[in-house]
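Spelled out, the chains give:
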Amino acid sequence: MFDLEDGFRIPIVGAPMAGGPSTPELVAAVSSAGGLGFLAAGYKTVEAVRREVDAVRALTSAPFGLNLFVPGRPLADRAAVEAYRERLQPVAERRHVTLPDVVDFDDDAFDGKVDLAVELAVPVVSFTFGLPPRDVVDRLHDAGSAVIATVSDIDEAFSAAQLGVDAICLQGVDAGGHRATLDPDAEPDPRSTRELVEAARSAIDLPVIAAGGIATGAHVAATLEAGATAVQIGTALLDADEAGTKPAHRAALHDARFTETVVTRAFSGRPARGLVNDFIADFDDHAAPAYPQVHLLTSGLRAAAGAAGDPHGLALWAGIGYRSARSAPAGEIVRNLWSETR
Ligand SMILES: Cc1cc2nc3c(=O)[nH]c(=O)nc-3n(C[C@H](O)[C@H](O)[C@H](O)COP(=O)(O)O)c2cc1C
């Protein structure tokens, strides 16, 4: 089983990034360089995930990970999502998109993806948006997989530790993309990644993989110094050659017109950090706090914006270190971050 305490050649994890950025080529490049690349199973079918796992194995014999979304509760407040749907209607008409009906529940094919991870004995499996049931952790262990629970505060880390996971991924407020927060209605812990790692050091007896805002060698060094076993980088890989990031998203990372990131529920109903664009400016105040209903509602709008190359209709997920994202082969990005710490 991959040793999440001492098994890293380079203690840098390539974050799972659902929605396109995490390609098999990106994952293989990070793992081949000595880090730990992660496939993102979120939003995909089981068969698509199988193809991606096979593709990574065809590219590298190095260990890699697979990340799964844990399903939440059925929709509680349909009226709030319907009201948001109405508000999005003019944008949908402008983009010639038909907004889908609001669904009560979607489990992102969780059980099928767990079965697949067990069948394929994926070396490392991580979870976000919730904790996996204990029997899932046990089945993955029996298959030889190491298990990581992604959490965003110390209470959540305690809950994860009780499940027998092998490490926690501890995600601070600086992180790009969705916050892992177990309770989607709660406001996430406002502490920085560094502050959370320091708080976890004396409280949690598990390896801590720190995620959020880590985009330079100095950040990596400071986070390891604070007590992390490894760091998880997402935004720093968004413009890597092998990433599947949309061109408009890549360009926005370096565009002087995009000057700040903010945490919003506007695109998905869950808190997530991205570059401020027109969609966030128009809808942040109105978004219903309902995941995945809002995610499903906006997916056609986002796809249309992506096809049109319009950064103002896309979720430009990015952490606070976005200006340090480099356009280079992923292996070079990982090796450079590590060599800058020495
Ligand atoms: C575009 C994007 C997509 C993401 N998708 C996922 C995902 O599918 N699963 C997950 O656990 N985390 C996801 N994250 C969060 C990352 O795992 C990680 O916590 C975050 O990128 C760290 O912050 P940083 O972006 O500042 O490096 C995503 C982040 C980004 C930027």
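Rules used throughout
- Residues numbered from 1 in each chain as written.
- Predicted model: local features only at pLDDT ≥ 70, side-chain atom pairs only at ≥ 80, totals over all residues.
- Heavy atoms only, no water.
- Buried < 20%, exposed > 50% of the residue type's maximum accessible area, 1.4 Å probe, protein only.
- Helix = DSSP H or I, 4+ residues; strand = E, 2+ residues; numbered from the N terminus.
- Arc of directions from axis to C-beta.
- Contact = heavy atoms within 4.5 Å.
- Phe/Tyr/Trp six-rings, centres within 6.5 Å; stacked < 30°, edge-to-face > 60°.
- Axes fitted to C-alpha atoms, helices over the stretch in contact; angles between N-to-C directions.
- Parallel < 35°, antiparallel > 145°, perpendicular 65-115°, else oblique.
- Left-handed = near helix turned anticlockwise from the far one by under 90°.
- Nonpolar A, V, L, I, M, F, W, Y, C, P; charged D, E, K, R; others polar.
- Pairing = 2+ DSSP bridges.
- Near = heavy atom within 4 Å.
- Polar contact = N/O pair within 3.5 Å; in protein donor to acceptor, adjacent residues only side chain to side chain.
- Areas by Shrake-Rupley, 256 points an atom, 1.4 Å probe, with all protein chains shown as cover.
- 1 Å grid on protein atoms, 1.4 Å probe; cavity = no way out; pocket = protein on both sides within 12 Å on 5 of 7 lines; lining within 4 Å.
- Points joined across faces, edges and corners; volume = space filled by probe spheres on them.

**Some details on helix α12 (residues 330-339)**
Okay, step 1: The set of residues buried in α12 consists of Ala330, Gly331, Ile333, Val334, Leu337 and Trp338. Around the axis of α12, the buried residues are gathered within 165 degrees of arc, so they sit on the same side.
Okay, step 2: For α12, the elements touching its buried residues are β1 (12-14), α1 (24-32), α8 (217-225) and β9 (230-233).

**A short note on the packing of aromatic side chains**
Okay, step 1: Under the criterion given, the structure shown has 9 aromatic pairs.
Okay, step 2: Between the aromatic rings of tyrosine 84 and phenylalanine 283, the centroid separation amounts to 6.2 Å while the plane-to-plane angle is 80 degrees, which identifies the pairing as edge-to-face. Of this pair, tyrosine 84 sits in helix α3 (residues 78-94) while phenylalanine 283 is found in helix α10 (residues 278-283), placing the two residues 199 residues apart along the sequence. The pair formed by tyrosine 84 and phenylalanine 283 is uniform in burial state, with each residue classed as buried.
Okay, step 3: Taking 4.6 Å as the distance between ring centres and 15 degrees as the angle between the ring planes, the aromatic pair formed by phenylalanine 267 and phenylalanine 279 counts as stacked. Residue phenylalanine 267 is located in the loop between β10 (261-264) and β11 (272-275), and its partner phenylalanine 279 is located in helix α10; the two are separated by 12 residues in the primary sequence.

**What to know about the packing of α1 against helix α2 (residues 46-59)**
Okay, step 1: Across the interface, α1 lies against α2 with an axial gap of 9 Å and an inter-helix angle of 40 degrees. Here α1 lies oblique to α2, going by the angle between them. Crossing handedness for the pair α1 and α2: right-handed. Taking contact as the criterion, the partners of Pro24, Glu25, Val27 and Ala28 in α1 are, on α2, Glu52, Ala55, Val56 and Leu59.
Okay, step 2: For the contact of α1 with α2, the residue count by class is 6 nonpolar, no polar and 2 charged.

**Brief notes about the sheet that holds β10**
Okay, step 1: Spatially, β7-β11-β10 is the arrangement adopted by the 3 strands of the open sheet, whose pairing is antiparallel. The two strands at the open ends of the sheet, each matched to only one other strand, are β7 (177-178) and β10.

**Observations concerning the environment of glutamate 47**
Okay, step 1: With respect to the helices, strands and loops of the structure, glutamate 47 is situated in helix α2.
Okay, step 2: Residue glutamate 47 is classed as partly exposed on the basis of its relative accessible area of 42%.
Okay, step 3: In the structure, glutamate 47 is positioned 131 residues away from histidine 178 in sequence and 24 Å away in space, judged by C-alpha atoms.

**Thoughts on unusual backbone geometry**
Okay, step 1: Note the cis peptide between tyrosine 291 and proline 292, where omega equals 5 degrees.
Okay, step 2: The phi torsion at alanine 121 lies on the positive side, around 45 degrees, for a residue other than glycine.
Okay, step 3: Relative accessible area serves as the criterion here: at 32%, alanine 121 is assigned to the partly exposed category.

**Considering the site of the ligand**
Okay, step 1: Around the ligand sit 22 residues, and of these Pro16, Asn67, Gly213, Gly234 and Thr235 come closest.
Okay, step 2: Contact between the ligand and glycine 213: an oxygen atom at 2.7 Å from a main-chain N or O atom of the residue.
Okay, step 3: For the ligand, an oxygen atom lies 2.5 Å from a polar atom in the side chain of threonine 235.
Okay, step 4: For the ligand, whose free accessible area comes to 600 Å², the fraction covered by protein is 96%.
Okay, step 5: For the shell around the ligand, the secondary structure elements donating two or more residues are β3 (64-69) and β9.
Okay, step 6: Among the residues forming the shell around the ligand, the class breakdown is 10 nonpolar, 11 polar and 1 charged.

**Here's the deal with the sheet that holds strand β8 (residues 208-211)**
Remark on secondary structure: sheet strands pair via backbone hydrogen bonds, oriented parallel or antiparallel.
Okay, step 1: Strands sit in the order β1-β9-β8-β6-β5-β4-β3-β2 across an open sheet of 8 strands; the sheet is parallel. Among the strands making up the open sheet, the edge pair consists of β1 and β2 (37-40). Across the sheet, the axes of successive neighbouring strands diverge by a mean angle of 25 degrees, strand direction being ignored.
Okay, step 2: In the sheet, β8 pairs with β9 via 3 bridges, with the strands oriented parallel. In the sheet register, alanine 210 faces β9, and the bridge partner there is valine 231.
Okay, step 3: Its contacts with the sheet place α1 against β1, β2 and β3, and it is angled at close to 160 degrees to β2.

**Considerations on empty space enclosed by the protein**
Okay, step 1: Tallied over the entire structure, the rule returns 1 cavity of 30 Å³ or more.
Okay, step 2: Empty space within the largest cavity amounts to approximately 30 Å³.
Okay, step 3: Lining of the largest cavity is provided by Gly14, Ala15, Ser22, Leu26, Val27, Val30, Gly37, Phe38 and Leu237.
Okay, step 4: For the lining of the largest cavity, the elements supplying multiple residues, two or more each, are α1 and β2.

Geometric descriptors of this kind do not, in isolation, establish any biological role.
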